[in-house]
Amino acid sequence: MKKQIHLPQPFEYPHRIEISKGDGCFLYDQKGKSYIDFVSNVGVNNLGYNSIAIKKAITKQAGILTNATFSHIGTKDQEELIAMLCKFCGKEFDTGYYAATGSDAVETAVRIAVAKKGKKGKIIALKPGYHGATLGTAFLTSEDMPIKTLFNAPYKVLRANYATNEKETSKCLKALEVMLKSNKDIAAWIIEPILGSAGYVVPAKNFIVGIRKLCNKYNIPLIADEVQSGNFRSGRFLAIENFNVKPDIICLGKSVGAGLPLGIVITSKRFRLKHHHYPTSAGANLLAIAAAKASLKYIQAKKLDKNAAEIGDYIKERLAKMSVDNVRGLGLLVGFDLKSSKQANSTISSARKNGLLLMKGGKKSIRLCPPLIISKNIAKKAMDILEKSI
Ligand SMILES: Cc1ncc(COP(=O)(O)O)c(C=O)c1O
């Protein structure tokens, strides 16, 4: 008898499909049915599937060297990628720490901030907020997770509300200042510049500006978790640039490795440590670095940041004419609300039957996250499908 194999999944997910291949913005299931992918593996696949640029880069690198354990052998490519990313982050950024995933990048960022402080410190994280699934990042995440009931948090997290509109901003900022006055030993403040898992909710501009001012006043490093929102998806390299705010420490992951596992933390000289406190055998993988460099070059050559902004606007225009609420977003991070969680689930199921893959966010939101290479024509087809699936 054939042994039955089990693959435990992180969530109960009724919309999972078995894929046979991908091409451009399309995925194909085992029966050959095509789907326009508006999920991009939750923001990993900026260049879609089967990208010639990425395939070429990986194939070339595979013939040279696939892995160089960063600690005792290194390559020029490892330095060159950090140099490219620092250039996009701004002139004060000159330091990079490699990690293997987005969660690793967030863990690394927190360790850098605490190590610079030189003693144990509390971390401010907002609600809602998703920062990863490792032990440290799960405790920064506001959602309930089984892991949190089974383990102790590795550090004390101070939780405050995220202002999702101008009306809530001054109330939230005031509550935050009260918290800062009564807690002296804070090592870092981490934010998602646009809420990912909560449904691509864009914060009020003055909220992000206000956080920066509080960080300056109380001398707290600001960590921007750009794992989902960074790497040009918002129309700018970092989503936080849309608010004209500079963070101190930047976490990158997901699309930065163009489909290969890679996490990176970028900082200025102020957060340069003599040693990386989180050595990892899988971080700084050379195939991932080759893919990352090729992807950055491709995005620039094809001006995909501009495309993200333009197609994002088109998607929002179309949504504004549909029976949905709270249309919002930055670039190709677009969210909207439906009447209930049930309606969001049924919309995802109908869209899937009609050839469009969607993903939920928050309780009753849908998040739209197509590859950055998407054309207006494909976006139009997707929005037609969405309209008839609601
Ligand atoms: C904002 C944010 N931070 C961190 C992570 C964790 O990244 P990874 O799943 O690669 O560990 C995610 C993943 O969804 C994320 O959206």
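Treat the numbers as computed from the prediction; the structure is a model and nothing was measured.

1. Concerning the sheet that holds strand β1 (residues 19-23)
Two modes of strand pairing occur in sheets, parallel and antiparallel, and in both the strands are linked by backbone hydrogen bonds.
Move 1: The 4 strands are arranged β1-β2-β3-β13 in an open sheet whose pairing can be described as mixed. For this open sheet the edge positions go to β1 and β13 (356-357), each flanked by a neighbour on one side alone.
Move 2: The pairing of β1 with strand β2 (residues 26-29) spans 4 bridges and is classified as antiparallel. Bridge pairing in β2 places aspartate 23 opposite phenylalanine 26.
Move 3: Across the face of the sheet, helix α12 (residues 376-389) comes into contact with β2, β3 (34-37) and β13 while running at roughly 105 degrees to β3.

2. Quick look at the site of the ligand
Move 1: As a matter of local geometry, the ligand sits amid Thr101, Gly102, Ser103, Tyr130, His131, Gly132, Glu192, Asp225, Val227, Gln228 and Lys254.
Move 2: Within the side chain of glutamine 228, one N or O atom sits 2.8 Å away from an oxygen atom of the ligand.
Move 3: Classifying every residue of the shell around the ligand by side-chain character gives 2 nonpolar, 6 polar and 3 charged.

3. Looking at the environment of threonine 75
Move 1: Relative to the assigned elements, threonine 75 resides in the loop between α2 (52-62) and α3 (76-89).
Move 2: Assessed through its relative accessible area of 25%, threonine 75 is described here as partly exposed.
Move 3: Residues threonine 75 and leucine 65 lie 10 residues apart in sequence; the distance between their C-alpha atoms is 9.7 Å.
Move 4: Contact partners of threonine 75, with chain neighbours within four places excluded, come to Leu65, Ala68 and Leu286.

4. Quick word on the domain arrangement of the protein chain
Move 1: For the protein chain, the assigned domains read domain 1 (19-50 + 303-389) and domain 2 (57-301).
Move 2: Residue-level contacts link 32 residues of domain 1 with 26 residues of domain 2.
Move 3: Per-residue buried area on domain 1 facing domain 2 is highest for Leu330, Leu333 and Arg367; these three make up 29% of the total on that side.
Move 4: Taken together, domain 1 and domain 2 are joined by 0 salt bridges.
Move 5: Remark: the boundary between domain 1 and domain 2 carries 15 residue pairs in polar contact (both at pLDDT 80 or more).

Procedures and definitions
- Residues numbered from 1 in each chain as written.
- Predicted model: local features only at pLDDT ≥ 70, side-chain atom pairs only at ≥ 80, totals over all residues.
- Heavy atoms only, no water.
- Pairing = 2+ DSSP bridges.
- Helix = DSSP H or I, 4+ residues; strand = E, 2+ residues; numbered from the N terminus.
- Contact = heavy atoms within 4.5 Å.
- Axes fitted to C-alpha atoms, helices over the stretch in contact; angles between N-to-C directions.
- Near = heavy atom within 4 Å.
- Polar contact = N/O pair within 3.5 Å; in protein donor to acceptor, adjacent residues only side chain to side chain.
- Nonpolar A, V, L, I, M, F, W, Y, C, P; charged D, E, K, R; others polar.
- Buried < 20%, exposed > 50% of the residue type's maximum accessible area, 1.4 Å probe, protein only.
- Domains from an automatic or database assignment.
- Buried area = accessible area lost by both parts, 1.4 Å probe.
- Salt bridge = Lys/Arg side-chain N within 4 Å of Asp/Glu carboxyl O.

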